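# Observations on the model geometry
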2 protein chains.
Amino acid sequence: MSSQKIAVMGYGVVGSGVVEAFYNSLEGISKKINDDVDIKYILDIVSHTGTPFDEKFTSDFEVILSDPEVTVVAEVIGGLKPAYDYTKRLLEAGKSVVTSNKELVATHGAELLQIAKEHNVLYLFEASVGGGIPIIRPLRMCLIGNNIKKIAGIVNGTTNFILTKMFEEKMSFEDALSLAQKLGYAERNPSADIDGHDACRKICIISSLISGEHVYPDEVHTEGITAITSDDVSAAAKLHYTIKLIAYCKQLEDKKTQVLVAPMMVPPQSRLSNIKDVFNGVVVEGDAVGEVAFYGRGAGKLPTASAVVSDIIECVKFAPTSQPVFWKDGAHDKVIDYKQGEFSFCIRAQKTQETLEKLVSLFGEGEVTFEYDNQLLFITKEIKEADFESALNKLKQQGEIVNSYFRVLK
Amino acid sequence: MSSQKIAVMGYGVVGSGVVEAFYNSLEGISKKINDDVDIKYILDIVSHTGTPFDEKFTSDFEVILSDPEVTVVAEVIGGLKPAYDYTKRLLEAGKSVVTSNKELVATHGAELLQIAKEHNVLYLFEASVGGGIPIIRPLRMCLIGNNIKKIAGIVNGTTNFILTKMFEEKMSFEDALSLAQKLGYAERNPSADIDGHDACRKICIISSLISGEHVYPDEVHTEGITAITSDDVSAAAKLHYTIKLIAYCKQLEDKKTQVLVAPMMVPPQSRLSNIKDVFNGVVVEGDAVGEVAFYGRGAGKLPTASAVVSDIIECVKFAPTSQPVFWKDGAHDKVIDYKQGEFSFCIRAQKTQETLEKLVSLFGEGEVTFEYDNQLLFITKEIKEADFESALNKLKQQGEIVNSYFRVLK
């Protein structure tokens, strides 16, 4: 039985959740790990009174950094500044750091993991993807006996909420976004969510983890959901498909990776088609295990806190002989140009007498063809994006009106 | 960089899968754990020639036991004999043991975990529940910051296949069972599956893990699926419900646990309603994380092997300061008498003019009432099983014909 002290940096939504979840489950934790653990400090720039933790608050980072009793620090400040600097200095001081900060991990993960390795401590971030849903640890531990072939996930709750409202209540994108903002699911400046940047950070973390080399956000083609119209929704619904913002990564030959974030048409048989509102889901395909899926709340105070606490406890139990998570700052040509990737595409075109004929002559027989009103839906076989685009241009040159197109998730 | 040797005991479906998955993913494993690991022995009573592993085979358990180079042993023999004796002796000799053997873990888990603890080694069994789906490790590690309130799972693929065929192709139970046997999903003697014993062992393991005290199979009320008729299927379908064999466990006040295995009516909004064929799914409710769900192949050669390999690697990386899984041989009054548990029940009765009236007077207003042909479906509010049974007897005494009833999963 040993005793270890923890510090929580940040007392916003996630930070206060971490403190709450930690004390709520402390009895069970102590029994399970047979160790005595406690939170010694909570770092916040404003002082809090009237909480049961008043005496734990400090506004001075140096106090935490210089206290040898503190072995594990939860960084739940978010953003790059001052989180990046704090994390570096804590790891260099021989303290393990756990975080929900996907921006920091996606941007500086390889560097921070290297520092952690050199100082024989851990840098963990289960909460950075999928909130409370176990994803990172299952990937790095439970599925280690697999070559992971593909991962597709709904990893942004805000956009999933908006798309759910567009499909189930026929709301426009703008109205659904307003509702999400009203309910606190979307920020006043919603760009990080609706433009796909948040999902991009998360798929970078997942791709880095499974490939062992850092994938940076600027290497990943990212499309948001702002251009999706009610007509797109109606068209997808005709085929019993939905449209979801999909974070996607696939291992290719020659150790290359296909990584992208884009709204995709999702067929009804997919495990992702039925994930609604702010919920997240991730489907993993391994060569041994086949398809496994994870589902739950991808954000929120206590779900995220649940994941942070699990990382805290792994650090407490950590022995320096282990080396549970690592990736290096890899080759920057690992991620292929997205135009070299292959997908099926669903084209929605204005139907004229010859439209289908032209589509077939350009793309070959479609996997699905569906006509309604004056619209034609046509799902191509798998085709390289560059070839798709050039065929699409030819179609337009032939005078056909293409209203929209989406990649189709398989 | 250290070097560790592994032995695999048993070379049936799972054993050969372990060897295959291990070597398929060895490159990735070595990179990730920065260790040199190899399989040194494969134990089987018959000799195998023509495999790439010919020189690794031995039929002598003592060779493995007495080889100090072997630090981790995968027991994939199954059953209690000789697996129980072998496992005990290996743990006592200071070797970690990992297994897919749910019967052994459910029957002797507390004793074997105690021996492992005393000898500073691990006894792990990720593969014993849900095949390759990460469940045990997420429960003991990722969700440690939660008080787990409830778990409901489809953990037997054979019965789920049979029930899927009964619902989707209107097969009788007997025909669906025959088909499952023909396809190799069911044994010639299918009792362990269809009578619920396999699911019972799995929920015992899960319950023991989350409560910290061993729950033994004979403490768990277990019903199979043999009595389910085509009329039951039609009735459930009228409500858009399905019937699934549910392994269920709920933490109650006073550290008591409600554990049972029974076919239940599953409403369409449940994450378990859409899990088909031989697939498994487990829904976990934690006080911090809310509802999370896991899905995948619950059995089969490589999926199960995937989980065994993950345990092997955890043992390889294990440091004696950790203590990652333990439960004790608990109080035998921890599991409540199932009749003291509460459920909603769905009653299917022959409809007469007064049936509904009598139902309401005995059970109060129903949550759902549905009439078709000459049948009446009535879902009660939550009620103690003992009270349900006595009210049901009164109903019968009043001359009403009750065709069947099921617990309803909420």
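The structure this text deals with has already been given above.
The rules we used
Residues numbered from 1 in each chain as written. Chains lettered and ligands numbered in written order. Predicted model: local features only at pLDDT ≥ 70, side-chain atom pairs only at ≥ 80, totals over all residues. Heavy atoms only, no water. Least-squares fit on C-alpha atoms with pLDDT ≥ 70 in both. Contact = heavy atoms within 4.5 Å. Helix = DSSP H or I, 4+ residues; strand = E, 2+ residues; numbered from the N terminus. Buried < 20%, exposed > 50% of the residue type's maximum accessible area, 1.4 Å probe, protein only. Pairing = 2+ DSSP bridges. Axes fitted to C-alpha atoms, helices over the stretch in contact; angles between N-to-C directions. Buried area = accessible area lost by both parts, 1.4 Å probe. Salt bridge = Lys/Arg side-chain N within 4 Å of Asp/Glu carboxyl O. Polar contact = N/O pair within 3.5 Å; in protein donor to acceptor, adjacent residues only side chain to side chain. Nonpolar A, V, L, I, M, F, W, Y, C, P; charged D, E, K, R; others polar. Phe/Tyr/Trp six-rings, centres within 6.5 Å; stacked < 30°, edge-to-face > 60°. Core = buried A, V, L, I, M, F, W, Y, C linked by side-chain atoms within 4.5 Å. 1 Å grid on protein atoms, 1.4 Å probe; cavity = no way out; pocket = protein on both sides within 12 Å on 5 of 7 lines; lining within 4 Å. Points joined across faces, edges and corners; volume = space filled by probe spheres on them.

### With respect to the relation of the copies chain A and chain B
For these two chain copies, the linking operation is a rotation about an axis paired with a shift along it. For the pair chain A and chain B, the best superposition has an RMSD of 0.0 Å and corresponds to a rotation of 180° with a translation of 0.0 Å parallel to the axis. Taken together, the turn and the small shift mark the pair as related by a two-fold rotation axis. It is phenylalanine 294 of chain A whose C-alpha, among those of chain A, lies nearest the rotation axis, at 2.4 Å. Comparing interface residues between copies, 100% of those in chain A also lie at the interface in chain B; the contact surface is shared.

### Some remarks on the side chain of arginine 137 of chain B
As for its placement among the helices and strands, arginine 137 of chain B is situated in helix 6 (residues 136–142). For arginine 137 of chain B, a relative accessible area of 1% corresponds to the buried category. Sequence-distant contacts of arginine 137 of chain B, defined by excluding residues within four places in its chain, comprise Met141 and Cys142 of chain A together with Glu126, Cys142, Ser310, Asp311 and Glu314 of chain B.

### What about the sheet that holds strand 5 (residues 96–99) of chain B?
Residue and element names in this part refer to chain B. Strand order in the open sheet formed by 6 strands is 3-2-1-4-5-6, and the pairing between neighbours is parallel. Two strands close off the open sheet at either side, each with one partner strand: strand 3 (57–58) and strand 6 (123–124). Inspection of the sheet shows strand 2 (residues 36–43) paired to strand 3 by 2 bridges, in the parallel sense. By the bridge assignment for strand 3, leucine 43 is matched with threonine 58. Where helix 1 (residues 13–24) meets the sheet, its contacts fall on strand 1 (3–9) and strand 2, and the angle it forms with strand 2 comes to roughly 160°.

### Quick look at the interface of chain A and chain B
A common way to state how big an interface is: give the accessible area lost once the parts meet. The interface of chain A with chain B comprises 51 residues on the first partner and 51 residues on the second. Between chain A and chain B the total buried area reaches about 4,300 Å² when both faces are included, carbon and sulfur atoms providing 54% of it. Taken together, the links from chain A to chain B amount to 2 salt bridges. Where glutamate 27 of chain A meets lysine 255 of chain B, a salt bridge forms, and the shortest distance between an N and an O atom there is 2.9 Å. For the interface between chain A and chain B, the tally reads 12 residue pairs in polar contact (both at pLDDT 80 or more). Broken down by secondary-structure element, the contributors of at least two residues to the side of chain A that touches chain B are helix 1 (13–24), helix 2 (26–33), helix 6 (136–142), helix 10 (197–211), strand 12 (290–297) and helix 12 (301–317) of chain A. With 8 residues, the single largest contributor to the side of chain A that touches chain B is helix 12 of chain A. Looking at the side of chain A that touches chain B residue by residue, the classes come out as 24 nonpolar, 15 polar and 12 charged.

### A short note on the environment of glutamate 213 of chain B
Residue and element names in this part refer to chain B. Relative to the assigned elements, glutamate 213 resides in the loop between helix 10 (197–211) and strand 8 (221–222). The buried category is assigned to glutamate 213, whose relative accessible area is 16%. Residues glutamate 213 and threonine 242 lie 29 residues apart in sequence; the distance between their C-alpha atoms is 33 Å. Ignoring any residue separated from it by four or fewer positions in sequence, one finds glutamate 213 in contact with Ser207, Ser208, Trp327, Lys328, Gly330, Ala331 and Lys334.

### Focus on the packing of aromatic side chains
All chains considered together, the criterion is met by 31 aromatic pairs over all chains. With a centroid separation of 3.8 Å and an interplanar angle of 0°, the aromatic rings of phenylalanine 61 of chain A and tyrosine 86 of chain A are classed as stacked. Residue phenylalanine 61 of chain A is found in helix 3 (residues 61–66), and its partner tyrosine 86 of chain A is found in helix 4 (residues 83–92); the two are separated by 25 residues along the sequence. What makes phenylalanine 61 of chain A buried here is its relative accessible area of 4%. Seen in terms of ring centroids, phenylalanine 370 of chain B and tyrosine 372 of chain B are 6.1 Å apart; in terms of plane orientation they differ by 40°. Their pairing is tilted.

### Some thoughts on the nonpolar core
Judged by nonpolar contacts, the single largest core of 245 residues is most densely connected at Tyr123, Leu139 and Ile312 of chain A together with Tyr123, Leu139 and Ile312 of chain B. In this structure, Phe345, Leu376 and Leu409 of chain A together with Ile347 of chain B belong to the second largest nonpolar core, which totals 58 residues.

### Digging into the sheet that holds strand 5 (residues 96–99) of chain A
Residues and elements named next belong to chain A. As summarised here, the arrangement of the 6 strands in space is 3-2-1-4-5-6, forming an open sheet in which the pairing is parallel. Edge positions in the open sheet fall to strand 3 (57–58) and strand 6 (123–124), since each of these has one partner strand only. Alignment of strand 1 (residues 3–9) against strand 2 (residues 36–43), held across 7 bridges, turns out to be parallel. Each bridged residue has a counterpart across the sheet, and for serine 3 the counterpart in strand 2 is aspartate 36.

### Details of the pattern of salt bridges
Taken as a whole and judged by the stated rule, the model has 54 salt bridges over all chains. Between aspartate 85 of chain A and arginine 89 of chain A there is a salt bridge, and its shortest N-O distance comes to 3.9 Å. Taken together, the positions of aspartate 85 of chain A and arginine 89 of chain A, both in helix 4 and 4 residues apart, correspond to about one turn of that helix. Note on arginine 89 of chain A: relative accessible area 28%, which makes it partly exposed. Where arginine 137 of chain B meets aspartate 311 of chain B, a salt bridge forms, and the shortest distance between an N and an O atom there is 2.6 Å. Placement of arginine 137 of chain B in helix 6 and of aspartate 311 of chain B in helix 12 (residues 301–317) is noted, with a sequence separation of 174 residues between them. Grouping residues by exposure puts arginine 137 of chain B and aspartate 311 of chain B together as buried. Through salt bridges with shared partners, one network takes in Glu126, Arg137, Arg140, Asp311 and Glu314 of chain A.

### A word on empty space enclosed by the protein
With the rule as written, the count across this model stands at 4 cavities of 30 Å³ or more. A volume near 120 Å³ is recorded for the largest cavity. Contributing to the lining of the largest cavity are 18 residues, with Arg271 and Tyr295 of chain A together with Arg271, Ala293 and Tyr295 of chain B lying nearest its centre. Broken down by secondary-structure element, the contributors of at least two residues to the lining of the largest cavity are strand 11 (279–286) and strand 12 of chain A together with strand 11 (279–286) and strand 12 (290–297) of chain B. Grouping the constituent residues of the lining of the largest cavity by class yields 14 nonpolar, 2 polar and 2 charged. Roughly 60 Å³ of volume is contained in the second largest cavity. Considering the residues around the second largest cavity, the lining is formed by Asp232, Ala235, Ala236, Ile243, Met265, Cys346, Ile347, Arg348, Leu377, Ser404 and Phe406 of chain A. In terms of residue class, the lining of the second largest cavity is made up of 8 nonpolar, 1 polar and 2 charged.

These results come straight from atomic positions and should not be treated as a statement about function.
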